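In case you want the letters, here they are:
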Amino acid sequence: MSELEPNNHELVKESPPVRQTMAVSKTESYVQKAAGFWIRFWAYIVDLLVLSSVGMLLIKPVFRLFSLDVSSSSWYAPISLVTAILFYLYFVLMTKFFSQTVGKMIFGIRVVSKGEGKLTWGTVLFREWVGRLISVIPFNLPYVVAAFTPQKQAIHDFIADTLVIHESSYDKKEIVEYKRTPVANELQETNEF
């Protein structure tokens, strides 16, 4: 009976190994550079100077004209409420319509949506109103987060899913893709000596 049965090693034919090639494709792209902590800090200082100038030149004279108290330091005083409304309106409206405030314009940075779309009212309100309220409360420390995150985002940027970028500065990004492609056995050359 062993003569009629073929040997197991005769049934298994050894096939040559399939050869694979590695295709490497490199593409270069340029992405706008994220604005870091210090440039954003100086832009914010310029914005505060603009707002305090408007307060000194417009709001205080109007309050004095109507004999309203301008020296009260409580948060619910009329002068405090009007300057707070001016503060938030300035940041909300400038960011919505120009994607940047005067300070950001001077330093050449702007706010963009992370989803590459235009800034919506909801995004701007979350960033400039809710996000700034959260960022201001604990000693302005949430602003410092921008110095340590990869895309230089502060807490209010995370809340609204936005980035602050340079308008004319780009980072070179190289994308490397690896793709394995099998080579058909018929196309493989055999070296016979």
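Look above for the structure.
To keep things clear, this report deals only with the structure shown in the data block.

Thresholds, definitions, all that
- Residues numbered from 1 in each chain as written.
- Predicted model: local features only at pLDDT ≥ 70, side-chain atom pairs only at ≥ 80, totals over all residues.
- Heavy atoms only, no water.
- Axes fitted to C-alpha atoms, helices over the stretch in contact; angles between N-to-C directions.
- Helix = DSSP H or I, 4+ residues; strand = E, 2+ residues; numbered from the N terminus.
- Parallel < 35°, antiparallel > 145°, perpendicular 65-115°, else oblique.
- Left-handed = near helix turned anticlockwise from the far one by under 90°.
- Contact = heavy atoms within 4.5 Å.
- Nonpolar A, V, L, I, M, F, W, Y, C, P; charged D, E, K, R; others polar.
- Phe/Tyr/Trp six-rings, centres within 6.5 Å; stacked < 30°, edge-to-face > 60°.
- Buried < 20%, exposed > 50% of the residue type's maximum accessible area, 1.4 Å probe, protein only.

At a minimum axis separation of 10 Å, helix α2 (residues 37-65) and helix α3 (residues 78-98) run at an interaxial angle of 135°. Relative to α3, the element α2 lies oblique. Of the two possible hands of crossing, α2 and α3 adopt the one that is right-handed. Here α2 contributes Tyr44, Asp47, Leu48, Val50, Leu51, Val54, Ile59, Lys60 and Phe63 to the contact with α3, which in turn contributes Pro78, Ile79, Val82, Thr83, Leu86, Phe87, Tyr90 and Phe91. Its residues assigned to classes, the contact of α2 with α3 shows 14 nonpolar, one polar and two charged.

This paragraph deals with the packing of aromatic side chains. Across all of its chains, the model carries ten aromatic pairs by this definition. Centre to centre, the rings of tryptophan 38 and phenylalanine 41 are 5.6 Å apart; their planes meet at 80°, and the pair counts as edge-to-face. Residue tryptophan 38 and its partner phenylalanine 41 are located together in helix α2, separated by three residues, close to a single helical turn. Its relative accessible area of 57% is what places tryptophan 38 among the exposed residues. Judged by its relative accessible area of 30%, phenylalanine 41 falls in the partly exposed class. Connected via pairs of aromatic rings, a cluster forms that spans Tyr44, Phe87, Tyr88, Tyr90, Phe91 and Tyr143.

This is a description of form; function is not addressed.
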